Amino acid sequence: ILCWVCLVVVGSRVVLTCQAEGSKPLNIEWSPSVENINTRNTNKGIISELYLSSLHSSQTGIYTCMATNSYGYDHMTINLVVRGKGVYYNNILRYV
């Protein structure tokens, strides 16, 4: 999923992706700090993927990736919202 605001269902999984281009060496760090990250170099820069599985509502929050090199830094913020299962009631989607 490539998103800046992600709405996902409890129990599902999501991959948050951060991509940076620039002069090497490039480094990407995630906040909050998590362990399930896959980072790889590309021809133009770096891609970092944060894997979250079996999501629960306590994982709702702001996830930030920060890319740095010797010239400076840039960041991207992702708002992850974990909700209960969606149910239609009177033609309105509600989360339980």
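Structure: above.
How each quantity is defined
Residues numbered from 1 in each chain as written. Predicted model: local features only at pLDDT ≥ 70, side-chain atom pairs only at ≥ 80, totals over all residues. Heavy atoms only, no water. Helix = DSSP H or I, 4+ residues; strand = E, 2+ residues; numbered from the N terminus. Buried < 20%, exposed > 50% of the residue type's maximum accessible area, 1.4 Å probe, protein only. Areas by Shrake-Rupley, 256 points an atom, 1.4 Å probe, with all protein chains shown as cover. 1 Å grid on protein atoms, 1.4 Å probe; cavity = no way out; pocket = protein on both sides within 12 Å on 5 of 7 lines; lining within 4 Å. Points joined across faces, edges and corners; volume = space filled by probe spheres on them. Nonpolar A, V, L, I, M, F, W, Y, C, P; charged D, E, K, R; others polar. Pairing = 2+ DSSP bridges. Axes fitted to C-alpha atoms, helices over the stretch in contact; angles between N-to-C directions.

Quick look at the overall build of the chain
- Helix and strand content of the chain: 0 helices and 9 strands.
- Each helix and strand of the chain, ordered N terminal to C terminal, gives the series β-β-β-β-β-β-β-β-β.
- Across the 96 residues of the chain, 33% fall into the buried class.
- Carbon together with sulfur atoms contributes 50% to the accessible area of the chain, which is approximately 6500 Å² in total.

A short note on the layout of surface pockets
- Space inside the largest pocket adds up to approximately 190 Å³.
- Lining the largest pocket are 15 residues, with Gln19, Ala20, Ala67, Asp74 and His75 sitting closest to its centre.
- Within the residue set of the lining of the largest pocket, elements represented by two or more residues are β2 (14-21), β6 (61-69) and β7 (72-83).
- Counted by class, the lining of the largest pocket contains 8 nonpolar, 5 polar and 2 charged residues.

Let's talk about the pairing of strand β1 (residues 5-9)
- Side chains Cys6 and Val8 of β1 all project onto a buried face; the interleaved residues Val5, Leu7 and Val9 project onto a face where none is buried.
- Pairing geometry for β1 and β7, over 5 bridges, is parallel. Residue pairing for β7: Leu7 is matched across the bridge by Val81.

Concerning the sheet that holds strand β4 (residues 37-41)
- Pairing within the open sheet is antiparallel, and its 3 strands lie in the order β2-β5-β4. The two strands at the open ends of the sheet, each matched to only one other strand, are β2 and β4. Strand after strand, the sheet turns through a mean of 15 degrees between neighbouring axes, direction not considered.
- The pairing of β4 with strand β5 (residues 45-52) spans 5 bridges and is classified as antiparallel. Its bridge partner lying in β5, Asn41 is registered against Ile46.

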